[in-house]
Amino acid sequence: MSRTQVFVSFDRENDADLHDLLKAQSKRPGSTFEVMASEKGSTSQSEWGSTARTEICAADEVLVICGENTHESIRVSLELAIAQEEEKPYMLLWGRRDKMCMKPDGARKRDSMYSWTREFLESQITATIRDSQPLVVPENCKRVQPKRSSESSSSDGPST
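Below: a short report on this structure. (Residues numbered from 1 in each chain as written. Predicted model: local features only at pLDDT ≥ 70, side-chain atom pairs only at ≥ 80, totals over all residues. Heavy atoms only, no water.)

**Remarks on the environment of Val6**
Moving on, step 1. Here Val6 shows up in strand β1 (residues 4-9).
Moving on, step 2. Exposure remark for Val6: the relative accessible area of 0% places this residue in the buried category.
Moving on, step 3. Apart from the residues within four sequence positions on either side, Val6 is in contact with Phe33, Glu34, Val35, Met36, Ala59, Glu61 and Leu63. (Helix = DSSP H or I, 4+ residues; strand = E, 2+ residues; numbered from the N terminus. Buried < 20%, exposed > 50% of the residue type's maximum accessible area, 1.4 Å probe, protein only. Contact = heavy atoms within 4.5 Å.)

Structure follows, in structure tokens:
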């Protein structure tokens with residue numbers, strides 16, 4: 001079974017340690033996901049946006065690590081906006097247990113921030129991917145509508 005490729009969005013100035021923890025977690029035996037390598041160079045905003053879009057499109061899912069200052073990170077907000085535009089499934093992770101973590105600007109009201117434990121993250125990545133797929137109903141489970149006859153039957157009964 002191939003592992004889920006995740007693009008990780010995080011506040012590079014304040015939460016690089018959390019990215020490193022997530023990357024280490026992805027390398028443990030039995031992990032269901034793999035952190036994609038992301039560009040780190042200081043390119044122009046237009047160049048970076050194009051690169052980020054390419055990486056997000058190549059990912060199966062986007063993980064947004066939320067820290068205390070995530071709501072102030074323009075980069076995280078733009079990466080989230082790209083994920084939303086590209087209709088990529090994404091998940092917000094509560095990065096620091098003992099701190100008040102903030103959602104990035106652009107997060108939807110219905111977006112929840114999930115607690116970051118190894119077991120929960122593994123199962124939630126799988127569930128997020130599953131929930132993003134269109135529901136496929138097998139043919140044998142579909143309701144069959146009775147066919148309407150185009151011929152109207154007369155009240156006199158069958159003709160002889």
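**A short note on the sheet that holds β1**
Moving on, step 1. Strand order in this open sheet of five strands is β2-β1-β3-β4-β5, and the pairing throughout is parallel. Here the strands that pair on one side only, and so sit at the sheet edges, are β2 (33-35) and β5 (113-115). Recorded for the sheet is a direction-independent mean angle of 40 degrees between the axes of neighbouring strands.
Moving on, step 2. In this sheet, strand β3 (residues 61-66) lies alongside β1 in parallel orientation, the contact comprising four bridges. Across the sheet, Phe7 pairs through a bridge with Val62, a residue of β3.
Moving on, step 3. Where helix α1 (residues 16-26) meets the sheet, its contacts fall on β1, β2 and β3, and the angle it forms with β2 comes to roughly 140 degrees. (Pairing = 2+ DSSP bridges. Axes fitted to C-alpha atoms, helices over the stretch in contact; angles between N-to-C directions.)

In short, the description is geometric, and any link to function would need to be established separately.
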